[in-house]
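Here's the letter readout for the chains.
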Amino acid sequence: ILNVEQSPQSLHVQEGDSTNFTCSFPSSNFYALHWYRWETAKSPEALFVMTLNGDEKKKGRISATLNTKEGYSYLYIKGSQPEDSATYLCAFRAGNQFYFGTGTSLTVIP
Amino acid sequence: NAGVTQTPKFQVLKTGQSMTLQCAQDMNHNSMYWYRQDPGMGLRLIYYSASEGTTDKGEVPNGYNVSRLNKREFSLRLESAAPSQTSVYFCAGTLTSSYNEQFFGPGTRLTVL
């Protein structure tokens, strides 16, 4: 069992604030790091798949970076909006298995 | 395309009863997964199937069995349900040995009384 940790556990920000969260994972046997967005009462939806050290991915106001040598990835949200409220999950892929963190719950206050 | 579908969406069982959760995908995934989601625990892998005809245990397999009926379908069976199996169950699929993301079904909320 691999340990994937996310911080903070929850976050409340004002609309318009920028924010970021962290995913820590084992630095050995790296295959890929996935980020998912999970809204209440729905199923997780993929945001990014990150595979190379130094990877930076962007989708609209959301971006992510990857450091495989030290075993962490950051997710950034610029100018948070109420519709960004969700739980953000990261998952470390080792072979055919995915190991999920417990997520960061983001609430954006209008 | 329906994507990944799960049935039922909700189920209440009594302790000791059995049931099968169904999952099907039309996305040509060769790998399929069953997870359970519990408060504060994140998604934990129960079983997975890397290809048709193969299944492997994940992190929390006790009390469950799976069957990869064909490439499209992957079922999860509880032979004798226990209250500790009260959870939300998600099925997911992806392409083996690729960098593709997992696609999740809508989930099954199971309560064992």
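Residues numbered from 1 in each chain as written. Chains lettered and ligands numbered in written order. Predicted model: local features only at pLDDT ≥ 70, side-chain atom pairs only at ≥ 80, totals over all residues. Heavy atoms only, no water.

S.K.: Is there a simple way to explain the overall build of chain A in this structure?
M.R.: Within chain A, the secondary structure is distributed over zero helices and 11 strands. Order of helices (α) and strands (β) in chain A, N terminus to C terminus: β-β-β-β-β-β-β-β-β-β-β. For 110 residues, the compact-globule estimate of 2.2 N^0.38 gives 13 Å, and the C-alpha radius of gyration of chain A, at 13 Å, lies within 12% of that figure. The C-alpha extent of chain A, read off along each of the three principal axes, is 40 × 30 × 20 Å. Split into buried and exposed, the 110 residues of chain A put 48% on the buried side. (Helix = DSSP H or I, 4+ residues; strand = E, 2+ residues; numbered from the N terminus. Rg over C-alpha atoms; globule rule 2.2 N^0.38 Å. Buried < 20%, exposed > 50% of the residue type's maximum accessible area, 1.4 Å probe, protein only.)

S.K.: When you look at the packing of aromatic side chains in this model, what are you seeing that I'm missing?
M.R.: By convention here, two paired aromatic rings are described through the distance between centres and the angle between planes. Taken as a whole and assessed by the stated rule, the structure comprises 17 aromatic pairs over all chains. Between Tyr64 of chain B and Tyr89 of chain B, the aromatic rings sit 5.9 Å apart at their centres with planes inclined by 65 degrees, giving edge-to-face as the arrangement. Of the two residues, Tyr64 of chain B sits in strand 7 (residues 64-68) while Tyr89 of chain B sits in strand 9 (residues 87-94), which places them 25 residues apart along the sequence. In textbook terms, an aromatic cluster arises when at least three aromatic residues are bridged by ring pairs, as seen for Tyr36, Trp38, Phe98 and Phe100 of chain A together with Tyr33, Tyr35, Tyr48, Phe90 and Phe104 of chain B. If you follow Lys59 of chain A out to its NZ or CZ, it ends over the ring of Phe48 of chain A, 5.9 Å from the centre. (Phe/Tyr/Trp six-rings, centres within 6.5 Å; stacked < 30°, edge-to-face > 60°. Lys NZ or Arg CZ within 6 Å of the ring centre and 35° of its normal.)

S.K.: How do you make sense of the pairing of strand 11 (residues 104-109) of chain A when you look at a structure like this?
M.R.: Remember that side chains alternate between the two faces of the sheet whenever the strand is regular. Residue and element names in this part refer to chain A. Alternating residues of strand 11 divide into Thr104, Leu106 and Val108, all buried, and Ser105, Thr107 and Ile109, none buried. Taken together, the five bridges between strand 2 (residues 10-14) and strand 11 define a ladder with parallel strand orientation. By the bridge assignment for strand 11, Gln14 is matched with Ile109. Where strand 9 (residues 86-94) meets strand 11, three bridges bridge the pair, whose relative direction is antiparallel. Across the sheet, residue Ala86 finds its bridge partner in strand 11, namely Leu106. (Pairing = 2+ DSSP bridges.)

S.K.: For this particular structure, what's the right way to read the interface of chain B and chain A?
M.R.: The figure often quoted for interface size is the accessible area lost as the parts come together. Across the contact, 27 residues belong to chain B and 20 residues belong to chain A. On the chain B side of the contact with chain A, Leu43, Tyr99 and Phe104 of chain B bury the most area, a combined 31% of that side's loss. Here chain B is connected to chain A by zero salt bridges. If you look at where chain B meets chain A, you find three residue pairs in polar contact (both at pLDDT 80 or more). Sorting the residues of the side of chain B that touches chain A by element identifies strand 4 (31-38), strand 5 (42-49) and strand 9 of chain B as the ones contributing at least two each. Residue composition of the side of chain B that touches chain A, by class: 12 nonpolar, 12 polar and three charged. (Contact = heavy atoms within 4.5 Å. Buried area = accessible area lost by both parts, 1.4 Å probe. Salt bridge = Lys/Arg side-chain N within 4 Å of Asp/Glu carboxyl O. Polar contact = N/O pair within 3.5 Å; in protein donor to acceptor, adjacent residues only side chain to side chain. Nonpolar A, V, L, I, M, F, W, Y, C, P; charged D, E, K, R; others polar.)

S.K.: Would you mind going over the sheet that holds strand 7 of chain B with me for this structure?
M.R.: In any sheet, the strands associate via hydrogen bonds between backbone groups, in a parallel or an antiparallel arrangement. Residues and elements named next belong to chain B. The strand order 1-3-8-7 describes an open sheet built from four strands, whose pairing is antiparallel. If you trace the sheet from one side to the other, it starts and ends with strand 1 (4-7) and strand 7, each paired once. Pairs of neighbouring strands in the sheet enclose a mean axial angle of 15 degrees, with direction left out of account. By the bridge criterion, four bridges tie strand 1 to strand 3 (residues 19-25) in an arrangement that is antiparallel. Its bridge partner being in strand 3, Val4 is matched across the sheet by Gln25. (Axes fitted to C-alpha atoms, helices over the stretch in contact; angles between N-to-C directions.)

S.K.: Would you take a moment to explain the pairing of strand 3 of chain B for this structure?
M.R.: All names here are of chain B. With five of seven residues buried, strand 3 is to be regarded as a mostly interior element. Direction of pairing for strand 3 relative to strand 8 (residues 74-78): antiparallel, over a ladder of three bridges. Its bridge partner being in strand 8, Leu21 is matched across the sheet by Leu76.

S.K.: Could you clarify how one ought to interpret the nonpolar core in this entry?
M.R.: Nonpolar side chains in soluble globular proteins tend to end up buried together. Ranked by size, the top nonpolar core spans 23 residues in total, and within it Leu33, Trp35, Phe48, Leu75, Tyr88 and Leu106 of chain A carry the most contacts. Only strand 2, strand 3 (19-24), strand 4 (32-38), strand 5 (45-50), strand 7 (62-67), strand 8 (72-77), strand 9 and strand 11 of chain A provide two or more residues apiece to this core. Per-element accounting of this core gives the leading share, four residues, to strand 9 of chain A. In contact with Leu33 of chain A, not counting residues within four places along its chain, are Cys23, Phe25, Phe48, Val49, Met50, Leu66, Ser73, Cys90, Ala91 and Phe92 of chain A. By size, the runner-up hydrophobic cluster in this structure holds 20 residues, among which are Trp34, Val60, Tyr64 and Leu78 of chain B. (Core = buried A, V, L, I, M, F, W, Y, C linked by side-chain atoms within 4.5 Å.)

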